[in-house]
Amino acid sequence: MRKRIVYLFLVLGFLMPMASNVQGREVTYTATKQKDAVVYITKTGEKYHKEGCQYLKKSQIKTTKKEAVKNGYGACKL
Ligand SMILES: [Zn+2]
């Protein structure tokens, strides 16, 4: 029984810092990425999309977020 509790604490102690680490890294990553993020626009749409968006199935033109915004594209809500 005691062993089990020790194990639980070990797991928690291991997972907690990892979880906060991942979060911190994610934020930094997004922040640096936003500068010149690659996004995709479509031939007919008025939105720019992230890679893998379902709207990109028909057509996808690679550009940067900066360019897309400059050309009047809005962010895809998906
Ligand atoms: Zn989209």
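The written sequence of each chain sets the order in which its residues are numbered from 1. Reporting of local features is limited, given that this is a predicted model, to residues whose pLDDT is at least 70; pairs of side-chain atoms are given and counted only at 80 or more, and all residues count toward the totals for whole chains, interfaces and linings. With hydrogens and water excluded, all non-hydrogen atoms of the structure serve as input to the side-chain values.

Asker: Explain the overall build of the protein residue by residue, including any values.
Answerer: In DSSP terms, a helix is any run of H or I states spanning at least four residues, a strand is any run of E spanning at least two, and both are numbered starting from the N terminus. What the protein contains, in helices and strands, is 2 helices and 4 strands. Listing every helix and strand of the protein by position from the N terminus yields α-β-β-β-α-β. Remark: exposure states derive from per-residue accessible area (1.4 Å probe, protein chains only) relative to the maximum for the residue type, with buried under 20%, exposed over 50%, and partly exposed in between. Sorting the 78 residues of the protein into buried and exposed places 18% on the buried side. Pairs at least 24 residues apart make up 48% of the contacts formed inside the protein by residues separated by at least 6 positions. Surface summary for the protein: the accessible area is close to 7,100 Å², and the carbon and sulfur share equals 60%. Residue contacts follow a heavy-atom distance rule, with two residues in contact if any of their heavy atoms lie within 4.5 Å. To be clear on the numbers: accessible area is Shrake-Rupley with a 1.4 Å probe, and residue cover counts the displayed protein chains and nothing else.

Asker: Explain the coordination of the zinc ion to me, using residue names and the numbers behind them.
Answerer: The rule for donors is simple: an N, O or S atom within 2.8 Å of the metal counts, and for Na, K and Ca the reach is 3.2 Å. Water is not among the atoms, so a site may look short of donors. Donor atoms from the polypeptide that coordinate the zinc ion comprise H49 (ND1), C53 (SG) and C76 (SG), at 1.9 to 2.2 Å from the metal. The motif formed by the donor residues of the zinc ion, counted along the single chain, is H-x3-C-x22-C. Placement of C53 in the loop between β2 (47-49) and β3 (61-64) and of C76 in the segment after β4 (74-75) is noted, with a sequence separation of 23 residues between them. Accessibility classification places C53 together with C76 in one group, the buried group.

Asker: So what about a nonpolar patch on the surface? Which residues, and what values?
Answerer: Together, L8, L12 and M16 line one region of the surface with nonpolar side chains, adding up to about 310 Å² of accessible area. Its location among the elements puts L8 in helix α1 (residues 2-33). Every patch collects residues that have over 30% relative accessible area and no salt bridge, joining them within 9 Å if they carry like charges and within 5 Å if they are nonpolar side chains (Val, Leu, Ile, Met, Phe, Trp, Tyr). The salt bridge definition used is simple: a Lys or Arg side-chain nitrogen within 4 Å of an Asp or Glu carboxyl oxygen.

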